[in-house]
Amino acid sequence: MSKTDELWKLREEHIPKAVFNVTPYIAAKAIGAVVKDIEGREFIDLTGGVGVMNVGHSAPRVVKAIKEQADRFTHTCFSVMMYESYVELARRMNELAPGDFAKKTMFVNSGAEAVENAVKIARYATKRSGIIAFEDAFHGRTLLTMTLTSKVKPYKYGFGTLAPDVYRVPYAYCYRCAFGLKYPSCGLRCVEYIKEILHTHVAVEDVAAVLAEPILGEGGFVVPPSGWHKKVKQLCEDNGILYIDDEVQAGFGRTAKMFAIEHFEVEPDLITTAKSMAGGLPLAGVTGRTEVMDAPHFGGLGSTFGGNPLACQAALAVLETFEKEKLLNRAQLIGAKVMERFKAMQKEIDIIGDVRGMGAMVAMELVKDRVTKEPAKDQTSALIKKCYEKGVLTFQAGTYGNILRILMPLVITDEQLEEGLNILQESLIEIG
Ligand code: PLP
């Protein structure tokens, strides 16, 4: 029996099946954009651990910062005794986040925890409880964030009762417009609809926040049309509603800006970050207007592990790596390359219904028929399998599981990217 088979046997015995694995391999080492398994196989990683490894696996500055911090101390709990890296990282986040106003940041451990805290803060600051969230959104798997998440299976099914006071409206998913309209002649009907639900579903005086991803992540890299975020933000401003921008997947340089919302020229009241923030260590943050962040009472916010010193040092090293290696430029360059190749593939391969993205956040939506747009879920799963069998890691997305998304580390070399895309193209032709 191979070591891989042995570990799978143990995994099946000791770990629940709901905690899923996409590939059958077992990781041994990872550097840059390459992951090696315990049998010596090498994979070009176009997933970056689902958007976590923007600075690359084992990024040297990150590894050094973690090792040095581990030699000093690994935990005090920020609430027991604070440390410099937490304060410095908060200062940097406040400086980097969009908005020419005073901001504050707190740290937690995961994207879901960041969203939970952003909602708590928004509710406290507004003294309202309603949250407007979007169809096809993903915000996490805790009770509140699975409620805020749209996709039912596998995320919500069987796990109820869900949290109250969440109101859902369609996102600006133009390829599958909920109103059957076309942009720009639609006049952004989807924003008008939000105004309607403030009469038909919940009173405006009861709505604390609109929670939106700048670009849908798990929902399939849906980029809203120009003006959409601005119009939603205006609606919020007109009605005393806060705008929470969930940057967990699209942020930290993925779209060639540090925060994806910068592309849309909107200054959110609260921003959640996680994933690529700390180069693979668990860290997440809530950044927001000082008066909003300071609303909750003393002791009302916190976390035992949140803003762990190893993770904060790693995050500072991630920021340094972005600067020194000009990773925002790199995101633009490699994203343009992927987009160009995907568009070319779309011309040749019928199953590719739509290609979209921004910066290095690029996806293709696979359909059985370009007119009916029937989602090609099984073919997407088959494509991912073919790719990993040929040495390329890719990942699925979308409410119907028919979207292939690319989240490669931004340090991927041109050769690795080329090879990865060639294998993807070859696999698409085979399944198409
Ligand atoms: N928000 C968004 C936009 C996400 O993409 C995710 C995870 O994919 C989350 C929140 C939840 O993050 P985590 O899995 O770290 O809890």
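Everything numeric in this text was worked out from a predicted model, so none of it was measured. (Residues numbered from 1 in each chain as written. Predicted model: local features only at pLDDT ≥ 70, side-chain atom pairs only at ≥ 80, totals over all residues. Heavy atoms only, no water.)

1. What to know about the pairing of strand β1 (residues 27–31)
- Here β1 runs beside strand β2 (residues 34–37); their pairing, made up of 4 bridges, is antiparallel. Looking at the pairing, Ala 27 lines up with Asp 37 of β2.
- Where β1 folds back onto β2 in an antiparallel hairpin, the turn is made up of 2 residues, including Gly 32, whose phi is positive at roughly 60°. (Pairing = 2+ DSSP bridges. Helix = DSSP H or I, 4+ residues; strand = E, 2+ residues; numbered from the N terminus.)

2. Let's talk about the packing of helix α12 (residues 377–389) against helix α13 (residues 414–431)
- Orientation of α12 relative to α13, taken along the N-to-C sense of each, is 135°, at an axis distance of 9 Å. Comparing the axis directions of α12 and α13 gives the class oblique. When you trace α12 past α13, the crossing you get is right-handed. Contacts between α12 and α13 involve Gln 379, Ala 382, Leu 383, Lys 386 and Cys 387 on the former and, on the latter, Ile 423, Leu 424, Ser 427, Leu 428, Glu 430 and Ile 431.
- Split by residue class, the contact of α12 with α13 holds 7 nonpolar, 2 polar and 2 charged. (Axes fitted to C-alpha atoms, helices over the stretch in contact; angles between N-to-C directions. Parallel < 35°, antiparallel > 145°, perpendicular 65-115°, else oblique. Left-handed = near helix turned anticlockwise from the far one by under 90°. Contact = heavy atoms within 4.5 Å. Nonpolar A, V, L, I, M, F, W, Y, C, P; charged D, E, K, R; others polar.)

3. Focus on the domain arrangement of the protein chain
- For the protein chain, the assigned domains are domain 1 (3–55 + 327–431) and domain 2 (63–324).
- For domain 1 versus domain 2, the separation of C-alpha centres amounts to 25 Å.
- Tallying the contact residues gives 37 residues for domain 1 and 34 residues for domain 2.
- Approximately 3,000 Å² of surface area, both sides summed, lies buried where domain 1 meets domain 2, with 58% of it carried by carbon and sulfur atoms.
- On the domain 1 side of the interface with domain 2, the three residues burying the most area are Leu 328, Met 358 and Met 361, jointly 24% of the side's total. (Domains from an automatic or database assignment. Buried area = accessible area lost by both parts, 1.4 Å probe.)

4. A closer look at a nonpolar patch on the surface
- A cluster of nonpolar side chains, contributed by Leu 7, Leu 10 and Ile 38, occupies part of the molecular surface with about 210 Å² of accessible area.
- Counting through the fold element by element, Leu 10 comes out in helix α1 (residues 3–14). (Patch = residues over 30% accessible without salt bridge, like charges linked within 9 Å, V, L, I, M, F, W, Y side chains within 5 Å. Areas by Shrake-Rupley, 256 points an atom, 1.4 Å probe, with all protein chains shown as cover. Salt bridge = Lys/Arg side-chain N within 4 Å of Asp/Glu carboxyl O.)

5. Structural notes on the site of the ligand
- Taken together, Ser 110, Gly 111, Ala 112, Phe 138, His 139, Gly 140, Glu 213, Glu 218, Asp 246, Val 248, Gln 249 and Lys 275 form the complete shell of residues around the ligand.
- Between a nitrogen atom of the ligand and a side-chain N or O atom of Asp 246, the distance comes to 2.7 Å.
- Summarising the interface, the protein chains cover 82% of the accessible area of the ligand, which totals 390 Å² for the free molecule.
- Residue composition of the shell around the ligand, grouped by class: 3 nonpolar, 5 polar and 4 charged. (Near = heavy atom within 4 Å. Polar contact = N/O pair within 3.5 Å; in protein donor to acceptor, adjacent residues only side chain to side chain.)

6. Considering the pattern of salt bridges
- With the rule as written, the count across this model stands at 29 salt bridges.
- In this structure, Glu 95 and Arg 91 form a salt bridge, with 3.0 Å as the shortest nitrogen-oxygen distance. Linking Glu 95 with Arg 91, this pair stays in helix α4 (residues 84–96), spanning 4 residues, or about one helical turn.
- Residue Glu 95 is classed as exposed on the basis of its relative accessible area, which comes to 52%.
- For Arg 91, a relative accessible area of 42% corresponds to the partly exposed category.
- Of the charged contacts, one joins Glu 192 and Lys 195 as a salt bridge, the two residues approaching to 3.3 Å between their closest N and O atoms. Here the residue Glu 192 and the residue Lys 195 both occupy positions in helix α7 (residues 189–200), the gap between them amounting to 3 residues, near one helical turn.
- Connected through shared salt-bridge partners, Glu 88, Arg 91, Arg 92, Glu 95 and Glu 323 make up one network. (Buried < 20%, exposed > 50% of the residue type's maximum accessible area, 1.4 Å probe, protein only.)

7. Here's the deal with the sheet that holds strand β15 (residues 403–406)
- Spatially, β11-β12-β15-β14 is the arrangement adopted by the 4 strands of the open sheet, whose pairing is antiparallel. The two strands at the open ends of the sheet, each matched to only one other strand, are β11 (352–358) and β14 (395–397). Between one strand and the next, the sheet's axes are offset by a mean angle of 30°, whatever the strand orientation.
- One ladder, built from 6 bridges, connects β11 with strand β12 (residues 361–366); its direction is antiparallel. Paired with Met 358 across the two strands is Met 361, which belongs to β12.
- Here helix α11 (residues 327–348) sits on the sheet in contact with β11, β12 and β15, set at roughly 165° to β11.

8. Regarding α4
- Counted at 1.5 Å a residue, the expected span for α4 with its 13 residues is 18 Å, and the 18 Å between its end C-alpha atoms agrees.
- Taken residue by residue, α4 has Ser 85, Tyr 86, Leu 89, Ala 90, Arg 92, Met 93 and Asn 94 as its buried positions.
- Where α4 is buried, its residues touch β4 (103–108), β9 (270–273), β10 (284–289) and α10 (309–324). (Expected span 1.5 Å × (residues − 1).)

9. Let's talk about the pairing of β9
- Alternating residues of β9 divide into Leu 270 and Thr 272 and Ile 271 and Thr 273, and every residue in both groups is buried.
- As judged from the 3 bridges shared by strand β8 (residues 242–246) and β9, these two strands associate in the parallel manner. Looking at β9, one finds that Ile 244 is bridged to Leu 270.
- Of the strand pairs in this sheet, β9 and β10 are connected by 4 bridges, and their pairing is antiparallel. Residue pairing across strands places Ile 271 opposite Thr 287, the latter belonging to β10.

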